[in-house]
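# An overview of the molecular structure
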Amino acid sequence: MAYKLVIFDWDGTVMDTVPKIVNTLHKVTACHGLEPISNDAAKSIIGLSLEKAMATLFPEHQDNAADLALTYKRLYKEDTTPITVFEGVEALLAELKAQGILLAVATGKSRAGLDNLLAHSGLSDYFCVTKTADDAKSKPDPDMLLQILNELGVSAEEAIMVGDTGIDMALASNARVPAVAVTFGAASEAQLKAYAPLALCHSYTQLSDFLLSEHVDAEFAQ
C-alpha cells in the first residue's frame, strides 16, 4: 500500500453520534430561547470546535458562544439518544493495524469528549495519535492534521483522511492529504461529491474494500 497512515474523523465517521448532536443543538436553542434551527443546519457545523460551531450556527449571538457551548456540553451529557460504533469499524481498524498501518483521529470534539467515547467504544488501543479541538486550531484549518503528520513522521502523500463532512474534506485539502468520504454521517452524498474525494463509500464494507486494496477502483468515486 502506498499510504502509511489513516486518519479518521470521529462523529459520523467512527461513531453514529450525529442524531445525539443534532438533538442536543435543538435543546440548546430551546434553553436559550433562540430561533429553531433545521436538522440540516445543525449537521452543517459538525466537525467544528464547539465555540466556533456555536458562533457559526448562531451568528447574532457570537458574543455568547462560550455560554452556548457550556450549555451544549451539559445537555449533551444529559441527552439519552443512543450512540453506537458503525458496523465494521473495529474489523477494519484491526486489519489496518495488523498490516502495519498507523491509525489516528482528528476530531472537532473536546479532549474530554473524545476520551470518553474512546473508552465507551473500546477502540482507544487502535489509535497511536488523537487530536481534538483542545489540541489544535479548529477544522478546517490544517493544524490538526499537520500535527499528526509531524508527530508520526509521515508525509501528507503517505496519509489518507476519512471523514463524513465537507469540513473534513476541506481539512484534508488544506493539509494536502488525500481524502475518502463516507456518506452515512452528517453530509449528503451530493455535498461530499463537491469536494472530489478519492472515493465515496456508503458502508464500512466499501471503505474496507477501498482502503485494503492497492489500487483505487473507479466505481467508488462515482
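See the structure shown above.
Residues numbered from 1 in each chain as written. Predicted model: local features only at pLDDT ≥ 70, side-chain atom pairs only at ≥ 80, totals over all residues. Heavy atoms only, no water.

## With respect to helix α10 (residues 204-211)
Spelled out, the test is: Type-normalised accessible area, obtained with a 1.4 Å probe on protein chains alone, sets the label of each residue: buried when under 20%, exposed when over 50%, and partly exposed for intermediate values. Only DSSP runs of H or I covering at least 4 residues are called helices, and only runs of E covering at least 2 are called strands; the numbering of each starts at the N terminus. As used here, the arc is the angular range of directions from the helix axis to the C-beta atoms. In this analysis, two residues are considered to be in contact whenever any of their non-hydrogen atoms come within 4.5 Å of each other. Polar contacts here mean pairs of N or O atoms no more than 3.5 Å apart (in protein, one a potential hydrogen donor and the other a potential acceptor; neighbouring residues in sequence count only if both atoms are side-chain atoms).
Turning to α10, its buried residues are Y204, L207, S208, F210 and L211. Along the axis of α10, the buried positions cluster into a sector of 165°, meaning they face one direction only. Those residues of α10 hidden inside the fold are in contact with β1 (5-8), α5 (89-98), β4 (159-163), β5 (179-182) and β6 (199-201). Where α10 begins, one side-chain oxygen reaches toward the backbone nitrogen of T205, 3.3 Å away; that side chain belongs to S203.

## Let's talk about the pattern of salt bridges
Selection rule: Salt bridges are defined as contacts in which a side-chain nitrogen from Lys or Arg sits within 4 Å of a carboxyl oxygen from Asp or Glu.
Enumeration over the complete set of coordinates arrives at 10 salt bridges. Here K20 makes a salt bridge to D79, at a shortest N to O gap of 3.7 Å. Of the two residues, K20 sits in helix α1 (residues 18-32) while D79 sits in the loop between α4 (65-78) and α5, which places them 59 residues apart along the sequence. Residues K20 and D79 agree in their burial class; the two are buried. Within this structure, D9, K139 and D168 form a network of salt bridges that share partners.

## Overview of the packing of α5 against α10
When two helices pack together, their arrangement is captured by the angle between the axes and the distance separating the axes. The condition is simple: For helices, the fitted line uses only the C-alpha atoms of the stretch in contact; every axis is such a line through C-alpha atoms, and the angle between N-to-C directions lies from 0 to 180 degrees. Between 65 and 115 degrees an angle is taken as roughly perpendicular, under 35 as roughly parallel, over 145 as roughly antiparallel, and anywhere else as oblique. When the near helix sits turned anticlockwise from the far one by under a right angle, the crossing is termed left-handed; a clockwise turn instead gives a right-handed crossing.
Where α5 meets α10, the axes come as close as 9 Å, and the angle between the chain directions of the two elements is 10°. Of the possible angle classes, the one that applies to α5 and α10 is roughly parallel. Considering only the axes of α5 and α10, their crossing is right-handed. Across the interface between the two elements, V89, L92 and L96 from α5 touch Y204, L207, S208 and L211 from α10.

So far we have only geometry, and geometry alone does not tell us how the molecule works.
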